[in-house]
Amino acid sequence: MKHPGIVILTGAGISAESGIQTFRGDGGLWEGHRVEDVATPEGFARDPELVQKFYNERRAKLLSGIAPNAGHEALARLQKEYSGKITLVTQNIDDLHERAGSENVLHMHGELLKARCLDCGEVSEIREQITAQSPCRLCDTKGRLRPDIVWFGEMPYFLSEIESSLENASLFIAVGTSGKVYPAAGFVEIAKYAGATTIEVNLEKTDGSHVFHRCEFGPAGKTLPRLVSQILTDPTALS
Ligand code: OAD
């Protein structure tokens with residue numbers, strides 16, 4: 001086994017070819033919305049209806065006509081066929097990795113299809129809209145559900161698991177992420193310090209490109225199938 005540990009970090013760019021908007025840049029998801037209004041606990045406390053509407057719309061869109069693309073499928077193939085350990089970490093709140101067949105996806109920023117009760121803490125699957133009438137499935141309290149999404153100022157999920165995978169990684173690949181949001185933006189440094197080869201897959205150069213050993217510029221749906229075939233055929237070619 002030439003690469004005992006591979007850590008893959010995905011961001012909004014991997015889902016762009018499936019029709020989900022990225023966050024930054026022209027026509028990005030944040031355009032027209034202040035991040036402070038829709039992605040902070042303070043924004044939710046101020047105007048819960050606006051925040052629920054924002055995520056209800058995203059949830060409805062995810063469940064109507066969006067499908068995984070060749071990039072998600074390539075990573076699912078890698079998970080199935082690679083003999084070493086793969087840790088798949090995503091900043092994305094969609095379920096496209098799972099729909100492509102990936103397992104054990106670490107959603108460090110939470111999931112759009114989950115809700116959390118602010119009273120009892122229960123996390124439940126949710127496919128419908130969250131309203132003031134939506135009851136918690138465990139404690140039955142109404143109006144206390146929020147999207148189970150990590151907002152700015154909140155602690156991302158799975159950090160200790162991710163850090164330990166990074167510290168044991170031989171290969172780290174960051175796909176479709178602008179590298180503007182920490183702690184995910186710092187994962188490449190941890191992996192590099194641990195001796196991993198680091199590869200960036202992105203449409204274009206990012207602020208962090210210079211940190212990676214190698215950059216593959218182009219759409220993830222084209223780059224990842226090629227990269228995955230390369231890893232499965234001869235992982236040493238990437239070291
Ligand atoms: P961004 O929107 O910041 O960046 C998306 C990146 O994907 C950009 O660097 C694009 O160049 C690249 N990209 C676009 N299309 C691509 C394609 N087809 N193939 C490859 N790359 C492509 O999204 P993230 O970096 O994921 O957090 O954003 C990180 C976090 O910021 C999000 O998880 C979200 C946001 O605030 C929270 O909401 C907590």
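Just so you know, these numbers come straight off a predicted model, no measurement behind them.

Undergrad: Explanation requested: the sheet that holds strand 4 (residues 110-117) in the structure shown.
TA: Strand pairing in a sheet relies on backbone hydrogen bonds. The paired strands run either parallel or antiparallel. Strand order in the open sheet formed by three strands is 5-4-6, with antiparallel pairing between adjacent strands. Each having just a single partner strand, strand 5 (123-125) and strand 6 (145-149) make up the two edges of the open sheet. In this sheet, neighbouring strand axes are inclined to one another by 45° on average, regardless of whether the strands run parallel or antiparallel. The pairing of strand 4 with strand 6 spans five bridges and is antiparallel. Residue G110 lies in a different strand from strand 6, and its bridge partner there is I149.

Undergrad: Looking at this structure, I do not really get the packing of aromatic side chains. What am I missing?
TA: To describe a pair of aromatic rings, one takes the distance between the centres and the angle between the planes. A complete count under the given rule lists five aromatic pairs for this structure. Here the aromatic rings of F54 and Y55 are separated by 4.9 Å at their centres, their planes lie at 85°, and the arrangement is edge-to-face. Summarising the burial analysis for this pair, F54 and Y55 share the class buried. Consider the rings of Y157 and F158, whose centres lie 6.4 Å apart with planes at 85°: the pair is edge-to-face. Site record: aromatic cluster; members linked through ring pairs are F44, F54, Y55 and W151. Looking at R58, its charged tip hangs above the ring of F54, at a distance of 4.3 Å from the centre. It is R146 that lies over the ring of W151; its NZ or CZ is 3.8 Å from the centre.

Undergrad: How do you make sense of the site of the ligand when you look at a structure like this?
TA: Around the ligand, a shell composed of 24 residues is seen, among which F23, R24, T177, S178 and N202 lie nearest. In the model, an oxygen atom of the ligand is placed 2.8 Å from a nitrogen or oxygen of the A12 main chain. At 2.6 Å from an oxygen atom of the ligand is found a side-chain nitrogen or oxygen belonging to S178. When the ligand sits alone it has 790 Å² of accessible area, and the protein chains cover 93% of it. Of all the elements, helix 1 (residues 12-16) adds the most residues to the shell around the ligand, at three residues. Class assignment of the residues belonging to the shell around the ligand gives a composition of ten nonpolar, eleven polar and three charged.

Undergrad: I'm lost on the sheet that holds strand 9 (residues 214-217) in this one. Help?
TA: Taking strand neighbours across the sheet as the criterion, the six strands line up as 3-2-1-7-8-9 in an open arrangement whose pairing is parallel. Every interior strand has two partners, whereas the edge strands, strand 3 (106-107) and strand 9, have only one. Where strand 1 (residues 5-10) and strand 7 (residues 171-175) come together, five bridges link them in parallel fashion. Bridge assignment links I8 to a residue of strand 7, and that residue is I173. Helix 5 (residues 70-81) rests against strand 1 and strand 2 (85-90) of the sheet, and its axis sits at about 150° to strand 2.

Undergrad: Mind showing me how you'd approach the packing of helix 5 against helix 9 (residues 220-233) here?
TA: For any two helices packed against each other, the geometry comes down to the angle between their axes and how far apart the axes lie. Helix 9 packs onto helix 5 with a crossing angle of 15° between their chain directions and a minimal axis gap of 7 Å. It follows from the interaxial angle that helix 5 and helix 9 lie roughly parallel. Here the hand of the crossing between helix 5 and helix 9 comes out left-handed. In this structure, helix 5 uses A70, G71, A74, L75, R77, L78 and E81 to contact helix 9, whose residues at the interface are A220, G221, L224, P225, V228, S229, I231 and L232. The residue inventory of the contact of helix 5 with helix 9, partitioned by class, reads ten nonpolar, three polar and two charged.

Undergrad: Please clarify how the layout of surface pockets should be interpreted in this entry.
TA: The gaps left among the atoms become clear once a water-sized probe is rolled over them. Of the pockets and cavities examined, the second largest pocket occupies roughly 180 Å³. Lining of the second largest pocket is provided by F44, P48, E49, Q52, L118, I130, T131, A132, G143, R144 and L145. The biggest single contributor to the lining of the second largest pocket is helix 4 (residues 48-62), with three residues. Of the residues assigned to the lining of the second largest pocket, the class counts are six nonpolar, three polar and two charged.

Undergrad: I keep staring at helix 5 and nothing clicks. Help me out?
TA: Because each turn of an α-helix spans 3.6 residues, side chains separated by three or four positions end up pointing in the same direction. Between its terminal C-alpha atoms helix 5 stretches 16 Å, which fits the 16 Å expected from twelve residues at 1.5 Å a residue. On its buried face, helix 5 is in contact with strand 1, helix 1, strand 2, helix 6 (96-100) and helix 9. The opening residue of helix 5, the one whose side-chain oxygen lies 2.7 Å from the backbone nitrogen of G71, is N69.

Undergrad: Please clarify how the nonpolar core should be interpreted in this entry.
TA: Among soluble globular proteins, nonpolar side chains are generally buried collectively. One finds I8, I173, V175, V201, L224, L227 and I231 to be the most contacted residues of the largest nonpolar core, which totals 21 residues. Mapped by element, the contributors of at least two residues to this core are strand 1, helix 5, strand 2, strand 7, strand 8 (197-202) and helix 9. Per-element tally for this core: the top contributor is helix 9, with five residues. Ignoring any residue separated from it by four or fewer positions in sequence, one finds L227 in contact with I173, I199, V201, R214 and L238. Counting 18 residues, the second-largest nonpolar core is a separate cluster that includes V188, A196, V211 and F212.

So, how was this worked out
- Residues numbered from 1 in each chain as written.
- Predicted model: local features only at pLDDT ≥ 70, side-chain atom pairs only at ≥ 80, totals over all residues.
- Heavy atoms only, no water.
- Pairing = 2+ DSSP bridges.
- Helix = DSSP H or I, 4+ residues; strand = E, 2+ residues; numbered from the N terminus.
- Axes fitted to C-alpha atoms, helices over the stretch in contact; angles between N-to-C directions.
- Phe/Tyr/Trp six-rings, centres within 6.5 Å; stacked < 30°, edge-to-face > 60°.
- Buried < 20%, exposed > 50% of the residue type's maximum accessible area, 1.4 Å probe, protein only.
- Lys NZ or Arg CZ within 6 Å of the ring centre and 35° of its normal.
- Near = heavy atom within 4 Å.
- Polar contact = N/O pair within 3.5 Å; in protein donor to acceptor, adjacent residues only side chain to side chain.
- Areas by Shrake-Rupley, 256 points an atom, 1.4 Å probe, with all protein chains shown as cover.
- Nonpolar A, V, L, I, M, F, W, Y, C, P; charged D, E, K, R; others polar.
- Contact = heavy atoms within 4.5 Å.
- Parallel < 35°, antiparallel > 145°, perpendicular 65-115°, else oblique.
- Left-handed = near helix turned anticlockwise from the far one by under 90°.
- 1 Å grid on protein atoms, 1.4 Å probe; cavity = no way out; pocket = protein on both sides within 12 Å on 5 of 7 lines; lining within 4 Å.
- Points joined across faces, edges and corners; volume = space filled by probe spheres on them.
- Expected span 1.5 Å × (residues − 1).
- Core = buried A, V, L, I, M, F, W, Y, C linked by side-chain atoms within 4.5 Å.

Don't take any of this as a statement about function, it's just geometry.
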